[in-house]
Amino acid sequence: MTRTSADAWKRLALIVVLVLVALGARLALFNPDSNLSPDAADYVNIARNLAEGRGFVHSIKWHFFTNDPVVRPAAGERPPLYPLLLGVVWRLGGRMAAIDGVNVFLGVAAIIVLFLLYERVLDWRCPAFVAALLAAINPSVAKACVFPWTEPLFLLLHASALLVLIAGIQSEGSRLGSSAAQSSSRPDRLERPDWLALAAGVLAALAYLARPNGVVLLVAVLGVLALARRWRTLGLFLLPNALILGVWFAVVWMQKGSPFFSVQEHHFRVLRIEEGMRAGWGAAIPSREEFAAANPLGSLVVENAWRYTLDLLGRPFLGLPIGEGYALSRRVGTALLFVSSCLGAAVPIVWTLRRLGGRGTLLGLCALGHFLLISLVWATHEGDRFLQPVYLFLVPLVVGVLFDGARHAARRRPSVAVRWTVWSVVLAVLLSWAGVGVRNLILTRAALRQLPSFHSVDAQEREQIDSLLPEGAIVATDAPFMANWLLDRPTVYLPTALTHLNAEGFFREYDVSVVVPLDLRDAMLRAQVSTLVRTGRIRPLRGHLLPGLTWFAVTTGPTPPASGEAPVNAVDTPQD
C-alpha cells in the first residue's frame, strides 16, 4: 500500500488524539500520595537499595516459603528491568511523584505503539484507532500507570516487539515479492527484515525481564514462525533472547541455586499466595507434589479461568455485572459455562484470524497464552491487573469482527438504508463500550481517592529515624511493605503464629532488632504484642520513630540498648 503525505498527517492527527485521551485518563487517576501497594513497595525497595549503594538486593521478607535471610539477592524475587529503571530515577533525585510520572509516560507511549500495532494487524486505520481509543480509556489499563507497577513498561516492550517483528515479516514479504530483489538478494547478508527480527528479539527479551509472563510472547512467536517455516526469521528472533536471557538465568542460578527460581513458583504450593505470608514462620507449607496430590488442580484451573472470564467481561473492561454471573456459574456448573462462553467468543474471532493470517494469530495466541498462564499459575484473584494483556490483544480482534461484519453486510445489500443501519449498530456498540469505559474511569478515580495515603517522611523525621535505628537493623512488623518504605530498614513479616514460646527462635533466625507494629487497632496484633511484652520477649522503647508509631526492643536475640537510645547488636539477654 502506497503511503502519501496526507496519510502521514492523518496518522499524526490520530496519534495526537490518542495521546491527549490516554494522558487525560491517566492524569484523572494520578495521585502522588496514592496507596503504596505491596508490589510497588517491593520494586521501590530494590530500586532504593540499588541507588543507595547496597547492591541489587531485596530487604523485605514478606513470605516464608524459603529460609532466605531478610537481606538477600533480588534475582528471581522480582523481574529486574523495572527496579533498574526506578533505581535510575531514585539516583537522580526523583521520588514517588517522579516514579508515577515515568509510569504515566510509559503508559501513554504503550497506547501509541498499540495503535501502530493494531494498524498493521488489521490493515485498516479506522478500527485500529477505535481499538486503541478503547484501550486508552480502559480504567484497569490506566490505573496500572499511576502506581509503581511493571505493567506499562511490560506492555510497551511487548507491543513494540510484536510491531517490529510484524513489520519485518511484511518487509520480507515485499522484498521476496520483487523479482529484482530476489535476483540481488544474498542470503549471507543481513537485510532490513533480518535487523528487525533481531530488534524484535531484543525487545521480547526485555519484556521478559520486565515481567516473567513475557514467556507467552516467546511461545507465540515460536509457534507462528515455525508453522510458517520462517526459520531464518525465527533464528534471528531467538538469538538475542538466548544471549540476554541466558545471562540472566546464569545470574539467578548463581544466586538462588536454580536458573528458573521465581517467587511465582510458590503459587503451585498453596491455594492462595497469602497462605505463605500469613501462616508465617514455622508453618508446614506443602511441596508442589504434596499440594498437587491433595488438591484437584484441574478444578482449580477451570474455576480460576471462569472467574477471569467474568473479570474480562466485568466492570473493569466491558462493564457487565459479574456478581450475578459468578453466582450463576456456581449453581449451573463452572466447567459447562466456561466452555460454552469460550466457544461463543471463539467463532467470530477465529473467522477474523483466518482473514488476518499470522499477524492476527500472533495477537490471538498472546491473548490466549496470558489467559491460560494466569489461570494456571496465579493463586490469587486480581484479574483487574493480570488480564490487561488479554484485553489489549483481544480488543483489536473484537473490533475487527465488528467492522468486518458491518462491511460484509453492507456489501451484500448495498442499499443506503442497509448501510446506514449496519454502521449505526456498530457505532452504537462502540459508543456504549466507550461510555462504560468513561463511567468506570470515574468510578475508579473515586475509589482511588478513598485509599489511605502513605506517609511521606520529611527530612526531620528521617534524621530522627536514623538517630534511633541504625542502618541495617532488622525490623519485624505486621506491615513489612509499608514499614520498609517509612523506615528504610530491612523488614520481616511478624507471623500471626508467633508466640512467646517460639519468639526467641524467630528473632534469632532473622536477626531482629526491633518490633514495630503499625496497626495496633487490630485486636489479634495487640494481644500478640502484649503477650510478648508480658513474657519479656520484647520491651517498649521511649519516644517515637514517627508520630504515633510505637516500637519495641527485642530482648531475645540481638538486643538494643536502653530505651530511647539507638539500638545496637549486643550480647543476647533472653528473658522469660
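As a reminder, the structure under discussion sits directly above these lines.
One structure accompanies this document, and this report is about it. Predicted model only: the values in this text are computed from it and were never measured. Throughout, residues of each chain are indexed from 1 in the direction in which the sequence is written. Under the rules for a predicted model, residues below a pLDDT of 70 receive no local features and side-chain atom pairs below 80 are neither given nor counted, while totals for whole chains, interfaces and linings still include all residues. Only heavy atoms go into the side-chain values, all of them from the structure, while hydrogens and water stay out.

**Re the overall build of the protein**
So, point 1. The helix count covers DSSP runs of H or I at least four residues long, the strand count covers runs of E at least two residues long, and both are numbered beginning at the N terminus. Across its full length, the protein holds 24 helices and eight strands.
So, point 2. Of all 576 residues assigned to the protein, the portion counted as buried reaches 50%.
So, point 3. Here the contacts in the protein between residues at least 6 apart in sequence split such that 71% fall between residues at least 24 apart.
So, point 4. A total accessible area of about 25800 Å² is found for the protein, and carbon and sulfur atoms account for 65% of it. Burial status follows relative accessibility: with a 1.4 Å probe on protein chains alone, a residue under 20% of its type maximum counts as buried, one over 50% as exposed, and anything between as partly exposed. The contact criterion used is simple: two residues touch if any of their non-hydrogen atoms lie within 4.5 Å. Accessible surface is estimated by sampling points in the Shrake-Rupley manner with a 1.4 Å probe; for residues, cover comes only from the protein chains shown.

**Structural notes on helix H14 (residues 297-313)**
So, point 1. Its 17 residues give H14 an end-to-end C-alpha distance of 24 Å, which sits within 8% of 24 Å, the value for a rise of 1.5 Å per residue.
So, point 2. Inspection of H14 places Asn 304, Ala 305, Trp 306, Tyr 308, Thr 309, Leu 310, Asp 311 and Leu 312 among the buried residues, and these make up the whole buried set. Here the expected length of a helix is defined as 1.5 Å per residue gap, with one fewer gap than residues.

**Considerations on the nonpolar core**
So, point 1. By convention a nonpolar core is built from buried Ala, Val, Leu, Ile, Met, Phe, Trp, Tyr and Cys residues, the set being connected through side-chain atoms within 4.5 Å. With 148 residues, the main nonpolar core has Leu 117, Tyr 118, Leu 487, Val 492, Phe 506, Phe 507 and Val 512 as its most contacted residues.
So, point 2. The residues touching Tyr 118, leaving out its near neighbours within four places in the chain, are Asp 123, Ala 128, Ala 131, Ala 132, Leu 363, Leu 392, Val 395 and Pro 396.

**Overview of the packing of helix H5 (residues 125-137) against helix H20 (residues 416-449)**
So, point 1. Relative to each other, H5 and H20 sit at 20°, their axes nearing to 9 Å. When the axis of H5 is compared with that of H20, the two are roughly parallel. Helix-helix and strand crossings are classified by hand; for H5 and H20 the assignment is left-handed. Listed contacts from H20 to Val 130, Leu 134 and Ile 137 of H5 are Leu 430, Trp 433, Ala 434, Gly 437, Val 438 and Leu 441.
So, point 2. Asp, Glu, Lys and Arg are counted as charged, while Ala, Val, Leu, Ile, Met, Phe, Trp, Tyr, Cys and Pro are counted as nonpolar; the rest, among them Gly, fall into the polar class. By residue class, the composition of the contact of H5 with H20 is eight nonpolar, one polar and no charged. Each axis is a line fitted through C-alpha atoms, taken for helices only over the stretch in contact, and angles between the N-to-C directions span 0 to 180 degrees. Any angle from 65 to 115 degrees is called roughly perpendicular, while one under 35 is roughly parallel, one over 145 is roughly antiparallel, and all others are oblique. Here a crossing is taken to be left-handed if its near helix is turned anticlockwise relative to the far helix by less than a right angle, and right-handed if that turn runs clockwise.

**Brief notes about the pairing of strand S6 (residues 512-515)**
So, point 1. Whether two strands pair comes down to DSSP finding at least two bridges between them. Here strand S4 (residues 474-477) pairs with S6 via three bridges, running parallel. Bridge pairing links Ala 476 to Val 515 in S6.
So, point 2. Both S6 and strand S8 (residues 552-554) contribute to a ladder of two bridges, which runs antiparallel. Following the sheet pairing, Val 515 is matched in S8 by Phe 552.

**Section: the sheet that holds S8**
So, point 1. Taken in spatial order, the six strands line up as S2-S5-S4-S6-S8-S7 in an open sheet, and their pairing is mixed. In this open sheet, the two strands that pair with only one neighbour each are strand S2 (60-61) and strand S7 (538-540).
So, point 2. In the sheet, S7 pairs with S8 via three bridges, with the strands oriented antiparallel. The partner of Ile 538 across the bridge, within S8, is Val 554.
So, point 3. The sheet strands contacting helix H22 (residues 480-487) are S2, S4 and strand S5 (491-493), and the helix crosses S5 at an angle near 165°.

**Points about the packing of aromatic side chains**
So, point 1. Two rings belonging to Phe, Tyr or Trp (six-membered ring only in the last case) form a pair when the distance between their centres is within 6.5 Å. Interplanar angles under 30 degrees mark stacking, angles over 60 mark edge-to-face geometry, and anything in between is tilted. Across all of its chains, the model carries 13 aromatic pairs by this definition.
So, point 2. Seen from their ring centres, Trp 90 and Trp 485 are 6.0 Å apart, and the 85° between their planes marks the pair as edge-to-face. Taken together, the residues span a long stretch of sequence, with Trp 90 in helix H3 (residues 81-91) and Trp 485 in helix H22 at a distance of 395 residues.
So, point 3. The class of Trp 90 is buried, set by a relative accessible area of 7%.
So, point 4. Only Lys NZ and Arg CZ are tested; either one counts as a charge over a ring when it is within 6 Å of the ring centre and within 35 degrees of the ring normal. Between the NZ or CZ atom of Arg 78 and the centre of the ring of Tyr 43, over which it lies, the distance is 5.3 Å.
So, point 5. The lysine or arginine in question, Arg 407, covers the ring of Trp 124, its NZ or CZ lying 4.0 Å from the ring centre.

Everything listed is a geometric property; what it means functionally is a separate question.
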